[in-house]
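Chains, contacts and geometry: an overview
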Amino acid sequence: MSAGTSLEKVQASLRAALGWRWWEIALAVVAIASVFLSGRHALLLNEIAILALFALSLDLILGYAGIVSLGHAAFFGFGAYTAALFAKHVMPDPLVGLAVAVAGTAVLGALCSVLIMRGSDLTRLMITLGVAAVLYELANKLDWLTGGADGLQGVVMGKLLGTFEFDLFGKTAYAYSLAVLAVCVLITRRIVHSPFGYSLKALRDNRLRTQSIGLSVHLRLVAVYTLGAAVAGAAGALMAQTSGFASLDGFEFHRSADLVLVLVIGGTAYLYGGIFGAIIFKLLHDLVSAWTPQYWTFWLGLFLVVLMLVGRERLIRPWTWFKRGGQA
Amino acid sequence: MLTLLFDGIAYGMLLFVLSVGLAVTMGLMNFINLAHGAFAMAGGYTTVLLMNKLGVPFLATLPLAFLFTALLGAAFERTLYRPMYNRPHLDQVLFSIGLVFMAVAGVDYIIGSQQQMISVPEWLQGRFDLADVGIGKYRLFIIIVCGLLTVALQMILSRTRFGSRLRAAVDDPRVARGLGINVNQVFLLTFAVGSGLAGLGGALGAEVLGLEPIFPLKFMVYFLIVVSVGGTTTITGPLLAALLLGIADVFGKYYAPKLGAFIVYALMIAILTWRPQGLFGQRGSK
């Protein structure tokens, strides 16, 4: 076999991975239909779409590049505050605000990516957690700018594309979030099926070996971390724009922790994992907290422990739980 | 000024005893156990309940807190933690944070969410002045107890047969097993002692740190900072990191209360960027 044909084979397999599956088209149809059928659930659906977008950004970093992070909320909160401040002080157009927030978070992500280059998983966990905590404290202290613990209130958004107004029922908001999510999924989908995406997976699986075949590990980490941060910033901006409110809550630790959970439920290194995870997580959250509002974290914890002990693959097959030696 | 320094040292010592068990599980056994704070809380609540419900004297509750938490740790190690040893770090993080969530909600449900108070005995209350330094008696007590524990721990790890077995089991479990060391038992004992120390720290710290159901979440970051900044290969690393953190925190709260925990986090990021393995960590260690 000559080198030419094997290269063609590789290219063909890359193209094949990019082809559309029937269920992806079905998913798109369901998503579009859901905008018209949402009714009074639009606000909940909007939250799900934002959470899915946020999870997508973590999946890029964690699932595909293998960078553990407990502080992804840093970018979410930063995007939210940037969008809210921009709308308040500069101009209320949502799309421009979104672009500014994404650009701002991308810069922050590029700066932070320097911090995550070195050290072990533990160091990375601590540094990402620390960055989120530092931003939290800053947002809390700079109250002349951010409103401190009260949050940034009274953010009034302009009309979307100059025609659609954000209403109380959240239909416009949901359509807007869904559109942004769709665009981000398309971009991410293109990226993870590209040679760059494959090199990320190689780097995740064996960093040393990736380095030794001549790929620049650092450059790739900076690129993917910046990208992930930008997407998380978009999620934050959507949250601030559709709720007209940005608060310290965006930076909190439990937001990062919940996000990792969302991703684990849906499956890491799987493009739609974040979306399915977000749907399941939100619905579970709503159900359980309606049932036991005060102690729902207990059930969340129990779920996590069981999930980790039996493994995600076996969770949906309870009959395999007590078999010995099954490595999930 | 010096009084603040003294308080900072006492606080740091307390943090050290609280987190040294974590340094052992994390550094030696390579397990990221975020639920460490839950064991500390268990120890704290043991003391509170024994004192307030049964009227056991304070000093007697300390060893009981240690024992109870150690047993709890042993039980958990055998049943829940063992299957998680060889899993990726992220799985361990999620697993242990799940335990924390359960502990927080569980304690809230059983005991209630209000802060628990204990009153230390008469002879430990108040403070005296020594060359212009105001010394709280209870703080001094903490420093002495924690200092003794530190020395004892260092001796056990470096001088005894158990210590060398532990180090062998950590460096290469397979070879250690081949040499006839019961690795599982060594790990079980280590985990139990680590949890027990956390419980003792929680009991000692109940008066200083306050005790409420969200304790594990509130202090989790502090423990992690101590361990990651100190490096996990030695005992002295976490000790110095804990002292540094304690002093920085007390000074920060006094001189710049507006900044809050900002100083501590910024310090941690700076140190970890400069030395990713921790201040005293060695390159190439796990």
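The following paragraphs examine the structure supplied in this document. (Residues numbered from 1 in each chain as written. Chains lettered and ligands numbered in written order. Predicted model: local features only at pLDDT ≥ 70, side-chain atom pairs only at ≥ 80, totals over all residues. Heavy atoms only, no water.)

**Describing the overall build of chain B**
Counting secondary structure elements, chain B contains eleven helices and two strands. Each helix and strand of chain B, placed in order from N terminus to C terminus, yields the pattern α-α-α-α-β-β-α-α-α-α-α-α-α. Taken against the 2.2 N^0.38 rule, which gives 19 Å for 286 residues, the C-alpha radius of gyration of chain B at 19 Å falls within 12% of a compact globule. Projected onto its principal axes, the C-alpha positions of chain B cover 55 × 45 × 35 Å. Among the 286 residues that make up chain B, the fraction classed as buried is 58%. Long-range pairs, those at least 24 residues apart, make up 75% of the contacts in chain B between residues at least 6 apart in sequence. (Helix = DSSP H or I, 4+ residues; strand = E, 2+ residues; numbered from the N terminus. Rg over C-alpha atoms; globule rule 2.2 N^0.38 Å. Buried < 20%, exposed > 50% of the residue type's maximum accessible area, 1.4 Å probe, protein only. Contact = heavy atoms within 4.5 Å.)

**Here we look at the side chain of Asp59 of chain A**
Residues and elements named next belong to chain A. Within the secondary structure, Asp59 sits in helix α3 (residues 42-64). Notably, Asp59 is buried but unbridged: the nearest opposite-charge side chain belongs to Arg204, and the N-O separation is 7.2 Å. Not counting residues up to four positions away in its chain, the partners in contact with Asp59 are Tyr64, Leu263, Gly267, Thr268, Ala269, Tyr270 and Leu271. (Lys, Arg positive; Asp, Glu negative; His and termini not counted. Salt bridge = Lys/Arg side-chain N within 4 Å of Asp/Glu carboxyl O.)

**Concerning the interface of chain A and chain B**
With 37 residues of chain A in contact, the opposing surface of chain B contributes 41 residues. The contact between chain A and chain B buries some 3500 Å² in all, and 80% of this surface belongs to carbon and sulfur atoms. Looking only at chain A, the three residues that lose the most surface to chain B are Leu122, Met126 and Met308 of chain A, adding up to 17% of its buried area. The interface formed by chain A and chain B holds zero salt bridges in total. (Buried area = accessible area lost by both parts, 1.4 Å probe.)

**A word on the packing of aromatic side chains**
Taken as a whole and judged by the stated rule, the model has 13 aromatic pairs over all chains. One aromatic cluster is present, built from ring pairs that chain together Phe31, Phe39, Phe76, Tyr81, Phe95 and Phe191 of chain B. Here the guanidinium or amino end of Lys201 of chain A rests over the ring plane of Tyr198 of chain A, the centre of that ring lying 4.5 Å away. (Phe/Tyr/Trp six-rings, centres within 6.5 Å; stacked < 30°, edge-to-face > 60°. Lys NZ or Arg CZ within 6 Å of the ring centre and 35° of its normal.)

**Thoughts on the packing of helix α9 (residues 215-230) of chain B against helix α11 (residues 262-274) of chain B**
Residues and elements named next belong to chain B. Close contact between α9 and α11 brings their axes to 10 Å; oriented N to C, the two are set at 25°. As judged from the angle between their axes, α9 and α11 are roughly parallel. Judged by the twist between their axes, the crossing of α9 over α11 is left-handed. Across the interface between the two elements, Val221, Ile225, Ser228 and Val229 of α9 pack against Val264, Tyr265, Met268, Ile271 and Leu272 of α11. (Axes fitted to C-alpha atoms, helices over the stretch in contact; angles between N-to-C directions. Parallel < 35°, antiparallel > 145°, perpendicular 65-115°, else oblique. Left-handed = near helix turned anticlockwise from the far one by under 90°.)

**Notes on the environment of Arg220 of chain A**
All names here are of chain A. Mapping Arg220 onto the fold places it in helix α11 (residues 217-243). Separated by 207 residues in sequence, Arg220 and Ser13 have C-alpha atoms that sit 22 Å apart. Apart from the residues within four sequence positions on either side, Arg220 is in contact with Phe196, Ser199, Leu200, Leu203 and Leu215.

**Here we look at the side chain of Ser96 of chain B**
Residue and element names in this part refer to chain B. Relative to the helices and strands, Ser96 is located in helix α4 (residues 89-110). A residue is classified by how much of its surface remains accessible, and Ser96, at 0% relative accessible area, is buried. In this view, Ser96 contacts Ile32, Asn33, Leu34 and Ala35; residues no more than four positions away in its chain are not counted.

**Quick word on the state of the cysteines**
Residues and elements named next belong to chain A. This structure, assessed with the given rule, holds zero disulfides over all chains. Summary of cysteine pairing: Cys112 is not part of a disulfide, and the nearest cysteine sulfur, belonging to Cys184, is at 19 Å. Judged by relative accessible area, which is 8%, Cys112 ranks as buried. (Disulfide = S-S within 2.5 Å.)

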